[in-house]
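Observations on the model geometry
Chain by chain, the residues:
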Amino acid sequence: MNANVFITTDTSFPADVLQSPTPVLVDFWGEWCGPCKALAPMLEQLAADYGGRLKIAKLEMDKNPKTAIAYGVRSAPTMLLFKDGEVQATQAGLVSKAQLAKVIDAVL
C-alpha cells in the first residue's frame, strides 16, 4: 500500500481521521464489494497524485460498523472527505478517478 493509504478502525478513527492535520478521504468498503475492489487501485493513484496534501483511509464496514453507522454510511463504496474533523464532501458508488479528483479539489 502507498504510504498515504492506511487502514483505520472504529478504535483508531478519531486519531487517524478526526484529529489529522491533513485532509483524509475515508473509503468505507466491504470485502464482498466488487466496486470497492475496482476502486482500490484508483485510490492508490490518487494518494500518489496528492502526495502530502491528502491521506486516504480504508475502513472495512463489516469489521467497524460503529463509524459507518455514526456517519450514516449504508452502502459500499462510500467515501467521506474529512478536513479539520468535519465531513466536507461525500461520494457514494464507483466513480471515475477524474470525478473523485473534482470532489477532492473542491475541498483542498
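Described in the following lines is the structure provided in the data block.

Parameters and conventions
- In this convention, every chain numbers its residues from 1, walking through the sequence in written order.
- Since the coordinates come from a predicted model, pLDDT governs what is reported: local features require at least 70, and pairs of side-chain atoms require 80 or more to be given and counted, while whole-chain, interface and lining totals use all residues.
- Here the side-chain values reflect all heavy atoms present in the structure, with hydrogen atoms and water set aside.
- Any Phe, Tyr or Trp ring, taking Trp's six-membered ring, that has another such ring centre within 6.5 Å forms a pair; planes under 30 degrees apart are called stacked, those over 60 apart edge-to-face, and the others tilted.
- Think of it this way: any DSSP run of H or I at least four residues long counts as a helix, any run of E at least two long counts as a strand, and we number them from the N terminus.
- The buried label goes to any residue with under 20% of its type's maximum accessible area, the exposed label to any with over 50%, and the partly exposed label to all in between, with areas taken from a 1.4 Å probe on protein chains only.
- Our definition puts a charge over a ring when NZ of Lys or CZ of Arg is within 6 Å of the ring centre and also within 35 degrees of the ring normal.

1. Topic: the packing of aromatic side chains
In total, this model carries 3 aromatic pairs according to the counting rule given. With a centroid separation of 5.7 Å and 50° between ring planes, the pair formed by F13 and Y71 is classed as tilted. Of this pair, F13 sits in helix α1 (residues 13-18) while Y71 sits in the loop between α3 (65-70) and β4 (78-83), and the two are 58 residues apart along the sequence. Relative accessible area serves as the criterion here: at 3%, F13 is assigned to the buried category. Residue class for Y71 comes out partly exposed when judged on its relative accessible area of 31%. Ring centres of F13 and F82 lie 5.5 Å apart, and the angle between their planes is 80°; this geometry places the pair in the edge-to-face category. With F13 in helix α1 and F82 in strand β4, the pair connects residues that are 69 residues apart, well separated along the chain. Residues F13 and F82 agree in their burial class; the two are buried. Within the aromatic cluster, the residues linked to one another by ring pairs are F13, Y71 and F82. Note that K58 overlies the ring of W29, its terminal NZ or CZ placed 5.1 Å from the centroid.

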